[in-house]
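Overview (structure and organization)
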Amino acid sequence: MLREVSADMLTPDNRFGAGDMVKVGCNDCAGCSDCCRDMEATIVLDPYDVYRLTGFLNQSFESLIGNGIELQIVDGLILPLLSMENESGCCRFLNKEGRCSVHPARPGICRMYPLGRIYEGEEFSYFLQKDACPAKNKTKVKIKKWMGEENYAAYEAFVKAWHGLVVKFRKEALAATDVEVVKAIGMKLLQTFYVQGYARNEEIFPQLMERVKQCL
């Protein structure tokens, strides 16, 4: 779904901020589910994604492992990803009608598609993945609205902080020579942000940011 790109592959015309209008509107994917099919497990879930999914499905993180979520080693870290059906290669949450069964709580990568993010230092820009979505006659939508976040500023701050933390943990894991140390680094991230629950009666972003600060 999200191709690897580097900053030098993008032009100024293909870098966008949250307030920019971009041609991504596709009439709610009417009659199409191409971006949910013929894929490998590549959709990495951040803690906010898992928080939304577990709340929507009223299930624990552990209960979803093997039932829509799988754990894989990504650049030295153990991280959860969306599961894909082995035979059809489609998302496990795609229903028989070709619609997303968790659409209100779909992950951030799914929500921003066909946009992607490019990180440079502590900041990021959005970019439009060329020819990624087959929908015709797309309409312009402000990226903030496209992402569907009521508190977009808090969401963006978390995305930046989470990316920085993952980069830090990856460097530590890749630099470690002891297998047990690498495993401990990965398990710390997994336990701290995914296994340990969050208070549902409190704002989620302050909780996430507090855990990020504890790990820096």
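Notes on the structure in this doc start here. Chains are numbered independently. Their residues run from 1 in the order of the written sequence. In keeping with the model being predicted, local features are shown solely for residues with a pLDDT of at least 70 and side-chain atom pairs are shown and tallied solely at 80 or more, while totals for entire chains, interfaces and linings include all residues. Hydrogens and water molecules were not included; the side-chain quantities draw on all heavy atoms of the structure.

1. Focus: the environment of Leu 128
Runs of E in the DSSP output that reach at least two residues are strands. Runs of H or I that reach at least four are helices, and both are numbered from the N terminus. Mapped onto the elements of the fold, Leu 128 is located in strand β5 (residues 123–128). Taking the relative accessible area as the measure of exposure, Leu 128 reaches 27% and is therefore partly exposed. Taking the C-alpha atoms as reference points, Leu 128 and Glu 97, separated by 31 residues in sequence, lie 28 Å from one another. A simple rule labels every residue: compare its accessible area, found with a 1.4 Å probe on the protein chains alone, to the largest value its type can have, and call it buried under 20%, exposed over 50%, or partly exposed in between.

2. Examining the environment of Lys 142
If you trace the backbone, Lys 142 turns up in strand β6 (residues 139–142). Note on Lys 142: relative accessible area 38%, which makes it partly exposed. The spatial distance from the C-alpha of Lys 142 to the C-alpha of Val 181 is 44 Å, given a sequence separation of 39 residues. Two residues qualify as a contact provided that any one of their heavy atoms is within 4.5 Å of a heavy atom in the partner residue. The residues contacting Lys 142, other than those within four sequence positions of it, are Ala 18, Gly 19, Asp 20 and Met 21.

3. Digging into unusual backbone geometry
Cis geometry is adopted by the peptide bond preceding Pro 114, which originates at Tyr 113 and carries an omega value of 10°. Along the chain, Pro 114 turns up in the loop between α3 (108–112) and β4 (115–120). Here Cys 29, not a glycine, exhibits a phi torsion of approximately 55°, which is positive. Relative to the helices and strands, Cys 29 resides in the loop between β1 (21–25) and α1 (47–57). Notably, Asn 137 is not glycine yet its phi reads approximately 55°, a positive angle. Residue position: Asn 137 is located in the loop between β5 and β6. Taking relative accessible area as the criterion, Asn 137 reaches 74% and is therefore assigned exposed.

4. Things to note about the packing of helix α6 (residues 179–195) against helix α7 (residues 204–215)
Here α6 crosses α7 at 155°, and the two axes come no closer than 10 Å. Considering their axes alone, α6 and α7 lie roughly antiparallel with respect to each other. Regarding α6 and α7, the two cross each other, and that crossing is right-handed. Between α6 and α7, the residues in contact are Lys 188, Thr 192 and Phe 193 and Leu 208, Arg 211, Val 212 and Cys 215, respectively. Here the term charged refers only to Asp, Glu, Lys and Arg, the term nonpolar to Ala, Val, Leu, Ile, Met, Phe, Trp, Tyr, Cys and Pro, and the term polar to all other amino acids, Gly among them. Of the residues that constitute the contact of α6 with α7, the class distribution is 4 nonpolar, 1 polar and 2 charged. Each axis is a line fitted through C-alpha atoms, taken for helices only over the stretch in contact, and angles between the N-to-C directions span 0 to 180 degrees. An angle below 35 degrees is read as roughly parallel, one above 145 as roughly antiparallel, one from 65 to 115 as roughly perpendicular, and any other as oblique. We call a crossing left-handed when the near helix sits turned anticlockwise from the far one by less than a right angle, and right-handed when that turn is clockwise.

5. Notes on α7
For a helix, the expected span equals 1.5 Å multiplied by the residue count minus one. Between its first and last C-alpha atoms α7 spans 17 Å; for 12 residues at 1.5 Å apiece the expected length is 16 Å, and the two agree. Buried residues of α7: Ile 204, Phe 205, Gln 207, Leu 208, Arg 211, Val 212 and Cys 215, and no others. On an axial view of α7, the arc spanned by its buried residues comes to 160°, and they lie on one face. The exposed set on the far side of α7, more than 90 degrees from its buried face, consists of Pro 206, Lys 213 and Gln 214. By arc we mean the arc of the directions from the helix axis to the C-beta atoms, nothing more.

6. Some thoughts on the side chain of Thr 192
Topologically, Thr 192 is positioned in helix α6. Overall, Thr 192 belongs to the buried group, its relative accessible area being 13%. Beyond its immediate sequence surroundings of up to four residues, Thr 192 is in contact with Tyr 198, Arg 211 and Cys 215.

7. So, α1
Within α1, 8 of the 11 residues are buried, leaving the element largely enclosed by the surrounding structure. When α1 is considered as a whole, its buried residues turn out to be Pro 47, Tyr 48, Asp 49, Val 50, Tyr 51, Arg 52, Leu 53 and Thr 54. Measuring from the side-chain oxygen of the N-cap residue of α1 to the backbone nitrogen of Tyr 48 gives 2.9 Å; that N-cap residue is Asp 46. Polar contact is defined as a pair of N or O atoms within 3.5 Å, subject to the rule that within protein one atom must be able to donate a hydrogen and the other to accept it, and that residues adjacent in sequence are counted only when both atoms are side-chain atoms.

8. A word on the packing of aromatic side chains
Note on aromatic pairs: the rings of Phe, Tyr and Trp (six-membered ring only in Trp) are paired at centre separations within 6.5 Å, and the planes decide the class, stacked below 30 degrees, edge-to-face beyond 60, tilted for the rest. For the structure shown, the criterion picks out 12 aromatic pairs. With a centroid separation of 5.7 Å and an interplanar angle of 55°, the aromatic rings of Tyr 48 and Tyr 155 are classed as tilted. Pair noted here: Tyr 48 is in helix α1 and Tyr 155 is in helix α5 (residues 152–175), with a separation of 107 residues, a long-range link. A relative accessible area of 1% means that Tyr 155 is categorised as buried. It is Arg 211 that lies over the ring of Tyr 198; its NZ or CZ is 3.9 Å from the centre. Look at NZ for Lys and CZ for Arg. If either is within 6 Å of the ring centre and within 35 degrees of the ring normal, a charge sits over the ring.

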